[in-house]
Amino acid sequence: MEHALIEIKDLKVEFKTERATAYALNGVNLEIKKGESLGLVGEAGAGKTTTALSILNLLAKPAAHIMGGDVLYKGTSVFSMSEKKLRDIRGKEISMIFQNPLTSLNPVFTVGEQIAMVLRTHKNLGKKEAFQEAGKLLETVGIASYRLSDYPHQFSGGMRQRVGIAASLACNPELLIADEPTTALDVTIQAQILELMKDLQDKYSTSLLMITHNLGIISELCQKVAVMYAGRIIEYGTVKEVFKYPAHPYTKGLLGAIPRLDVDSDHLEVIPGNIANVHHLPSGCKFHPRCAFCKKECEQEEPAMNRINDNHYVACYINEGGL
Amino acid sequence: MDKKLLFGRIKRSKFFIVGGIGVFFIIILAFTSPLFVSFDGTTSSLMERFTPPEGFSKGLAGHILGTDQLGRDILTRILLGARISLSIAIICVALSAFIGTVLGLIAGYFGGAVDKIIMRTCDVFLSIPSLILAIAIMAVLGTSIINLITVMVISRWVQYARLMRNQVMVIRNKEFVLASKAFGASHWHIMFKQIFVNITTPLIILLSQQIGQMILMESSLSFLNMGIQPPLPSWGSMIANGRSYIASYPWVVVAPGIALMLTVLSFNFLGDGLRDILDPKQK
Amino acid sequence: MGKYILRRLGATIVVLFFATLITFILIRLAPGNPALMMLADSATPEEIAAMEAYLGLDKPVIVQYLIYIAGIFKGDFGTSIMYQRPCIDIILSRLPATALLTFAGCTVGLLVAIPLGVLAGVKQGSMVDLSAMTFALLGQSMATVWLAVLLVLIFSVHLGWLPALGYGTFKHLILPAITIGFPLASQTTRLARSGMVDVLKEDYITSTYAKGISRRQVYTKYAFKNAMLPVITIVGLQIAGYLGGAVVTEQVFSWPGLGALMVSAIGNRDYPLVQSTLLVVAVMVSLVNLIVDIINCLVDRRMTLN
């Protein structure tokens with residue numbers, strides 16, 4: 001049987017600091033198949049970035065502790081891979097676009113050097129060839145190649161994110177992880193970056209893990225979607241299915257929280273309460289304190305992932321009971 | 001800050017514990033020494049020149065660390081020197097911190113031309129290495145303890161002024177400061193009651209680190225014969241005077257040298273530990 | 001870039017202007033007649049009168065200051081009483097010794113400190129880190145006098161390997177260079193360590209790892225350059241300080257540099273020489289600072305924006 005590109009199995013991650021322990025991931029299960037594009041959606045602090053960094057085995061040590069579970073890349077655990085093997089994968093087979101383009105580029109190296117370092121590491125190109133190739137990559141993302149020798153601070157936020165994208169595409173990766181690539185940008189620039197990503201996705205046919213809290217982006221770019229809450233996946237399925245028939249009250253809330261122009265409604269629906277505190281997680285279903293349909297069992301035990309149909313899974317007691 | 005957290009950090013900071021114990025003992029020894037020393041540290045007795053260290057073989061009545069070129073008991077002189085050096089260092093740190101803090105607060109709070117003038121003055125002082133500046137001023141003023149303190153304060157206040165100014169710049173536009181301005185509080189009140197109380201942590205850290213630096217500077221000046229004047233002992237001048245006899249009577253310089261090193265080391269450990277405890281991010 | 005350098009140059013000139021003011025005032029602060037202070041004790045009344053006229057003591061203070069400044073621009077820093085020669089000549093003849101000592105001391109210090117600091121920062125919390133920090137604290141706690149004497153005691157008196165004092169050969173250079181290098185190394189170790197610790201937490205380092213770059217390359221190149229920025233500034237300041245004369249070190253080892261010159265000038269009450277040495281030191285320190293700022297600005301182009 002052929003392995004999925006990425007399989008995350010019951011992954012549990014904690015961050016321990018002097019003051020407290022943050023339960024960032026509490027049993028995440030997720031699969032990304034070859035050529036598939038998956039959207040990972042959730043509020044800030046739900047564990048989206050932690051999931052992404054786990055895939056590359058890049059969680060910040062010594063604070064991060066993997067308490068259980070595994071991440072398999074083509075069937076091999078990334079946590080047991082040699083440093084050498086990991087390096088070969090990072091940036092070449094799996095690459096990542098970071099959330100904040102202002103902080104994710106090194107301020108004391110030119111953008112050319114930063115793109116070229118990927119090429120020199122993975123394609124064994126010489127300095128000159130790497131720079132030529134980097135120039136071409138810049139052109140693909142819509143930046144003139146003469147700007148190779150400029151420093152990051154000479155670019156706007158949107159331009160820097162284009163540089164980040166260029167560097168992540170340098171080796172034509174099998175999987176591209178985009179961690180909220182547009183959150184730190186202006187709305188108009190966001191649209192440009194998304195447009196660019198869409199074009200590039202068509203062109204390169206890489207798998208995509210799109211992390212965002214913006215459902216609009218997911219419906220534009222992804223086939224599948226996974227909804228994350230307090231370090232767990234609570235609903236998973238094809239975008240069409242999940243967006244049309246959301247099964248989890250949280251997903252319903254998220255979808256309701258997008259203002260819609262086509263439906264006449266005089267108030268914006270909001271999910272009551274705040275996102276679960278990662279230092280003191282509630283018992284049972286992590287969403288129950290905010291849930292309008294909360295039952296007794298929700299407070300006691302975490303619901304398991306249930307199949308609604310082949311294209312739709314949800315972790316909620318309501319659906320079990322056929323509510 | 002959370003008491004439990006603070007206590008936990010104290011327990012884990014080896015530097016703080018070692019330094020704290022060291023400083024405690026040094027201060028106790030230095031200031032209670034008149035109660036137990038059996039010699040006069042300032043009168044010479046040439047008959048007993050260069051007595052080698054006798055250790056505790058004669059109890060407290062012997063020359064535990066030996067005698068120097070004038071037959072004076074080295075341990076007594078070291079303890080007396082400790083008292084003088086520590087007193088001077090603490091006075092200098094207090095004075096330079098006071099002057100620097102006030103000027104730094106003023107520069108940071110008022111900004112503009114006042115800030116420019118004070119900061120440029122700092123640059124001028126920084127453009128002359130502090131020891132060179134100190135000996136030049138000493139040369140003109142003449143040597144005395146008051147002048148020594150003056151010189152050390154003049155060459156060290158800049159550190160505090162720059163630190164305080166930068167700290168003030170960070171918080172002077174915070175809401176609580178703007179709010180008290182809006183309430184019509186006086187500049188004086190805002191500077192000291194609102195701003196200063198919020199930036200004491202870096203000041204405390206700098207203070208604790210500067211005591212060792214002051215002791216070192218005093219020892220250098222005394223070594224150059226521009227600090228504490230004979231017959232009063234200073235570790236720096238003890239090393240300077242014993243230097244000629246180093247080949248035959250090494251204890252004359254080794255004893256004050258080690259005393260100097262241990263003292264400054266204790267203060268530096270304490271300062272570093274304090275920083276780890278109060279502001280672990282700064283490490 | 002050019003603008004930034006011009007602005008820094010302007011600030012340097014202002015600082016130097018104040019430095020002349022300080023050195024000018026210093027001599028006039030001294031009790032007694034400045035003319036007497038500028039002359040040897042054996043000066044005749046005619047000589048005193050001539051010096052008073054030269055200093056323009058009968059003229060307003062502002063005019064006196066202008067005369068002093070005008071002299072400096074003509075390269076006239078006054079005449080040394082001790083040597084009966086122009087101060088500037090004597091100072092220039094001492095510069096090479098001080099420069100050599102500074103260079104050697106900094107080389108020794110940095111060669112130890114930078115690898116040690118980087119290693120400690122990378123292995124934060126390990127035994128290596130604790131030892132490096134202890135080494136650094138020890139270095140900062142060694143009085144120059146004590147360190148110098150201790151080195152002499154070990155390497156000259158006991159082992160007999162190196163000369164205790166003097167100038168001229170490579171062997172003479174070693175002990176003074178270590179005396180200067182050790183405190184420098186301890187400070188630099190700490191800076192390099194904390195720079196490394198801070199930089200390794202940055203987003204751009206995670207993103208560098210995400211590109212498949214090896215740890216070694218990150219430590220020696222992609223984080224190294226950032227971590228070295230604060231080091232450059234402080235080491236620059238230190239170098240400037242030593243160029244002004246490592247007074248105690250030069251004194252202990254009889255090293256014929258600026259610091260020793262200053263001490264002997266003071267001992268001989270050679271005030272013109274004290275005054276001009278002070279000014280030359282201020283000029284050198286300011287210039288080194290300017291150069292350091294320019295280097296920093298070349299390494300980190302963001303500086304020009306501020």
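Definitions and cut-offs
- Residues numbered from 1 in each chain as written.
- Chains lettered and ligands numbered in written order.
- Predicted model: local features only at pLDDT ≥ 70, side-chain atom pairs only at ≥ 80, totals over all residues.
- Helix = DSSP H or I, 4+ residues; strand = E, 2+ residues; numbered from the N terminus.
- Rg over C-alpha atoms; globule rule 2.2 N^0.38 Å.
- Contact = placed C-beta atoms within 7 Å.
- Buried ≥ 20, exposed ≤ 12 C-beta atoms within 10 Å, placed from the backbone.
- Nonpolar A, V, L, I, M, F, W, Y, C, P; charged D, E, K, R; others polar.
- Domains from an automatic or database assignment.
- Axes fitted to C-alpha atoms, helices over the stretch in contact; angles between N-to-C directions.
- Parallel < 35°, antiparallel > 145°, perpendicular 65-115°, else oblique.
- Left-handed = near helix turned anticlockwise from the far one by under 90°.
- Pairing = 2+ DSSP bridges.
- pLDDT = per-residue confidence, 0-100.

### A closer look at the overall build of chain A
Each helix and strand counted, chain A has eleven helices and twelve strands in total. Scaling as 2.2 N^0.38, a compact globule of 323 residues should have a C-alpha radius of gyration of about 20 Å, and chain A matches this with 20 Å. The principal-axis extent of the C-alpha atoms belonging to chain A is close to 65 × 50 × 45 Å. For chain A, the share of sequence-separated contacts (at least 6 apart) that also reach a separation of at least 24 residues comes to 63%.

### Describing the overall build of chain C
Broken down by element type, chain C carries 14 helices and zero strands. Across chain C, helices and strands are ordered from the amino to the carboxyl terminus as α-α-α-α-α-α-α-α-α-α-α-α-α-α. Structurally, chain C occupies a C-alpha span of about 80 × 55 × 30 Å along its principal axes. In chain C, which comprises 306 residues, the share counted as buried stands at 45%.

### Concerning the interface of chain C and chain B
Opposite the 39 residues of chain C that make contact, chain B presents 36 residues. At the level of elements, helix H1 (2-29), helix H6 (127-141), helix H7 (144-158), helix H12 (247-252), helix H13 (258-267) and helix H14 (271-299) of chain C are the ones that each hand at least two residues to the side of chain C that touches chain B. Taken together, the residues that form the side of chain C that touches chain B break down as 30 nonpolar, nine polar and no charged.

### Quick look at the domain arrangement of chain C
All names here are of chain C. Each assigned domain of chain C is listed here: domain 1 (2-73) and domain 2 (89-299). Look at where the C-alpha atoms of domain 1 and domain 2 centre, and you get two points 33 Å apart. Contact with domain 1, which involves 14 residues of that partner, is made by twelve residues of domain 2. Among the elements of the structure, H1 and helix H2 (34-38) are those that each provide at least two residues to the side of domain 1 that touches domain 2. With twelve residues, H1 is the single largest residue contributor to the side of domain 1 that touches domain 2.

### Topic: the packing of helix H2 (residues 14-32) of chain B against helix H3 (residues 74-110) of chain B
All names here are of chain B. Across the interface, H2 lies against H3 with an axial gap of 8 Å and an inter-helix angle of 110°. For the element pair H2 / H3, the angle class is roughly perpendicular. Between H2 and H3 lies a crossing whose hand is left-handed. Facing Ile26, Ile27, Leu29, Ala30 and Phe31 of H2, the residues of H3 in contact are Leu79, Ala82, Arg83 and Leu86. A class-by-class count of the residues in the contact of H2 with H3 yields eight nonpolar, no polar and one charged.

### Notes on the environment of A:Phe131
Residues and elements named next belong to chain A. Among the secondary structure elements, Phe131 is positioned in helix H4 (residues 127-140). Sequence spacing of Phe131 and Ile115 is 16 residues, and the spatial spacing of their C-alpha atoms is 8.0 Å. Every residue in contact with Phe131, bar those within four places of it in the chain, is listed here: Gly112, Ala116 and Leu148.

### Points about the pairing of strand S1 (residues 6-16) of chain A
Put simply, side chains in a regular strand alternate between the two faces of the sheet. All names here are of chain A. With eight bridges joining them, S1 and strand S4 (residues 64-73) adopt antiparallel strand pairing. Its bridge partner lying in S4, Ile6 is registered against Tyr73. Pairing between S1 and strand S2 (residues 21-32): nine bridges, direction antiparallel. If you follow Leu11 over to S2, its bridge partner there is Val28. Count of turn residues in the S1/S2 antiparallel hairpin: four residues.

### Overview of the interface of chain C and chain A
On the chain A side, the residues contacting the 20 residues of chain C number 24 residues. Contributing elements (two or more residues each) for the side of chain C that touches chain A: helix H9 (203-210) and helix H11 (224-243) of chain C. Top contributing element to the side of chain C that touches chain A by residue count: H9(C), with seven residues. Across the side of chain C that touches chain A, the residue classes tally to seven nonpolar, six polar and seven charged.

### Some points on the sheet that holds S2(A)
Residue and element names in this part refer to chain A. The strand order across the open sheet built from four strands is S2-S1-S4-S5, with neighbouring strands paired in antiparallel fashion. Either end of the sheet is taken by a strand with one partner, and the two such strands are S2 and strand S5 (76-77). Sitting on the sheet, helix H1 (residues 48-55) is in contact with S1, S2 and S4, with an inclination near 115° to S1.

### A closer look at the sheet that holds strand S6 (residues 94-97) of chain A
All names here are of chain A. Spatially, S6-S7-S8-S3-S9-S10-S12-S11 is the arrangement adopted by the eight strands of the open sheet, whose pairing is mixed. What marks the edges here is a single partner per strand, and that holds for S6 and strand S11 (306-309). Between one strand axis and the next, the sheet turns through 20° on average, direction left out of account. Two elements, strand S3 (residues 37-41) and strand S8 (residues 207-212), share five bridges in a ladder whose sense is parallel. Following the sheet pairing, Gly39 is matched in S8 by Met210. This element, helix H9 (residues 249-256), spans strand S9 (224-229) and strand S10 (232-238) of the sheet and lies at about 105° to S9.

### Looking at the confidence of the model for chain C
All names here are of chain C. Looking at chain C as a whole, its pLDDT mean stands at 84, while 96% of the residues score no less than 70. The spread of mean pLDDT over the elements of chain C runs between H2, the lowest at 71, and helix H5 (residues 87-122), the highest at 92. On the interface metric, ipTM, the complex scores 0.84, and its pTM is 0.81.

### Looking at the environment of A:Thr110
Residue and element names in this part refer to chain A. Secondary-structure assignment places Thr110 in the loop between S6 and helix H3 (111-122). On the neighbour-count criterion, Thr110 (20 C-beta atoms within 10 Å) is buried. As a C-alpha pair, Thr110 and Gln154 span 44 residues in sequence and 9.8 Å in three-dimensional space. Ignoring any residue separated from it by four or fewer positions in sequence, one finds Thr110 in contact with Leu148, Ser149, Asp150 and Tyr151.

### Overview of H9(A)
Residues A:Pro249, A:Tyr250, A:Thr251 and A:Leu254 constitute the buried set of H9(A). Where the residues of H9(A) are buried, they touch helix H7 (215-221), S9, S10 and helix H8 (239-244) of chain A.

### As for the pairing of S3(A)
All names here are of chain A. Counting buried positions along S3 yields five of five residues, so the element is predominantly enclosed. Residues Ser37, Gly39 and Val41 point to one face of S3 and Leu38 and Leu40 to the other, with burial holding for every one of them. Where S3 meets S9, four bridges bridge the pair, whose relative direction is parallel. Counterpart to Val41 in the pairing with S9 is Val227.

### Thoughts on unusual backbone geometry
Note: most peptide bonds trans; most residues except glycine with negative phi. Residue and element names in this part refer to chain A. Backbone geometry at Asn57 places phi at a positive 50°, although glycine is not the residue there. With respect to the helices and strands, Asn57 occurs in the loop between H1 and S4. At Asn124, a residue that is not glycine, the phi angle is positive and equals roughly 55°. Within the secondary structure, Asn124 is located in the loop between H3 and H4.

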